[in-house]
Amino acid sequence: MHLVRFFRHKSGHRPARSGTASRGARGLAALSVLGLLAAGCGTEHSGDQQDNEPAARRAALAPEARALLTQARHAERAQARKVAAAKRWGLDAVPLEPPEPPAVKPELTTEPWFSQGGGKELPQAVSRVPTDQKVVFLTLDDGYEKDPDFLRMMDELKVPYSAFLSDYLAKDGAGYAYFRTAQQLGNGVHNHTLHHRYLPGLSADDQRTEICGQQDNLTRELGHTPRLFRPPYGDFTLDTLKAAASCGVQAFPLWATEAFPDHFDYSGDDRKLHPGDIILSHFRGREDWSATMPDLVREVLNTATRQGYAVARLEDYM
């Protein structure tokens, strides 16, 4: 049986428009809106101009301009809140805003080093999403640490992430209620098996129990059946692909780099992020890292921003 050996977890358990460009666009939009308002006001108060414009246009112009101005003001306030949140959480800079996601998701093709001989009818295994946009994707495994500050930080900063949960860890403490909150805030929650066992060492039936059993748990707890699955340790076989496909899994997002609260472990010799990189980290806290989940997030966001990348939502691309 051929095995896939992927990057090991060190601790055992194992382009885009920039934010500056987006803010500039909003500024131009606001100026345009002010021009429309001025035009609308002039229409309302100038008798000579009223004689030269259709009545319907005069009636519609001012409300339309006011609606656009309201949108511009909401965008400005949202940016101000994000700036304040970045300062409050100790970031070096405001995280870059991701571009609009593609209208059609990129076609995934299993990267050669992950191939197990499966066809397109089986889930595709990738460490990067095929895209030219300067975006990366934050993914978090296991589900042991359930830090409320992490939920609050990510919500205030409007930074998305995807959780891959092992049942025996996710159900402890606050349990799945924590991840229901994460999902309600717009983040993805997906499958990482029942017990985080080494799948290539199991029979085909036992692999199916580990994967499909967690699919059932997540469907019950979260109200949807996950499309994405990450095998523990990044190791899998053809039987793993077949078992996952049998219970609704469509893709295996692995990872191109691993993040810790004080450094990144890059897979490439250039020690840099690349467009579409999937970043792996974990739900862990002081017990494992001598650091908190917000400490991890600061490292991820400061690194991504410094290299010119925005953190985007993986589910919009896969």
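Here is a short report on the structure shown in this document. (Residues numbered from 1 in each chain as written. Predicted model: local features only at pLDDT ≥ 70, side-chain atom pairs only at ≥ 80, totals over all residues. Heavy atoms only, no water.)

As enumerated under the stated definition, the model contains 1 disulfide in all. Here Cys-212 engages in a disulfide with Cys-247; their sulfurs sit 2.2 Å apart. Its S-S torsion of approximately -85° makes the covalent link between Cys-212 and Cys-247 left-handed. Taken together, the residues span a long stretch of sequence, with Cys-212 in helix α7 (residues 204-222) and Cys-247 in the loop between α8 (238-246) and β5 (251-253) at a distance of 35 residues. (Disulfide = S-S within 2.5 Å. Helix = DSSP H or I, 4+ residues; strand = E, 2+ residues; numbered from the N terminus.)

Right, let's get into α7. For α7, with 19 residues, the first-to-last C-alpha span of 27 Å sits near the 27 Å given by 1.5 Å per residue. Within the sequence span of α7, burial applies to Gln-207, Glu-210, Ile-211, Cys-212, Gly-213, Gln-214, Gln-215, Asn-217, Leu-218 and Leu-222. Once α7 finishes, Gly-223 follows within two positions and takes phi at roughly 85°, a positive value. (Expected span 1.5 Å × (residues − 1). Buried < 20%, exposed > 50% of the residue type's maximum accessible area, 1.4 Å probe, protein only.)

This part is about the packing of helix α4 (residues 148-157) against helix α10 (residues 293-306). One way to put it is that α4 packs onto α10 with a least axis distance of 8 Å and a crossing angle of 35°. Residues Asp-149, Phe-150, Met-153, Met-154 and Leu-157 of α4 touch α10, and the partners they reach there are Met-293, Pro-294, Val-297, Arg-298 and Leu-301. Of the residues belonging to the contact of α4 with α10, the class tally is 8 nonpolar, no polar and 2 charged. (Axes fitted to C-alpha atoms, helices over the stretch in contact; angles between N-to-C directions. Contact = heavy atoms within 4.5 Å. Nonpolar A, V, L, I, M, F, W, Y, C, P; charged D, E, K, R; others polar.)

Moving on, we come to the pairing of strand β3 (residues 162-165). Judged by which residues are buried, β3 turns out to be covered on both faces: Ser-162 and Phe-164 on one side and Ala-163 and Leu-165 on the other are all buried. The pairing of strand β2 (residues 135-142) with β3 spans 4 bridges and is classified as parallel. Within β3, the residue paired with Thr-139 across the bridge is Ser-162. As a crossover connection, the stretch from β2 through α4 into β3 is right-handed. (Pairing = 2+ DSSP bridges. Right-handed = clockwise from strand over helix to strand, strands pointing away.)

On to the packing of aromatic side chains, then. Taken as a whole and judged by the stated rule, the model has 9 aromatic pairs. On the basis of an interplanar angle of 80° and a centroid distance of 5.1 Å, the ring pair of Tyr-178 and Phe-179 is categorised as edge-to-face. Both residues of the pair, Tyr-178 and Phe-179, count as buried. Among the aromatic side chains, those forming a connected cluster through ring pairs are Phe-150, Tyr-161, Tyr-178, Phe-179 and Phe-283. For the cation-ring pair, Lys-134 lies above Tyr-309, with the distance from its terminal atom to the ring centre recorded as 4.6 Å. Here Arg-230 stacks its cationic end above the ring of Phe-164, 4.6 Å away from the centre of that ring. (Phe/Tyr/Trp six-rings, centres within 6.5 Å; stacked < 30°, edge-to-face > 60°. Lys NZ or Arg CZ within 6 Å of the ring centre and 35° of its normal.)

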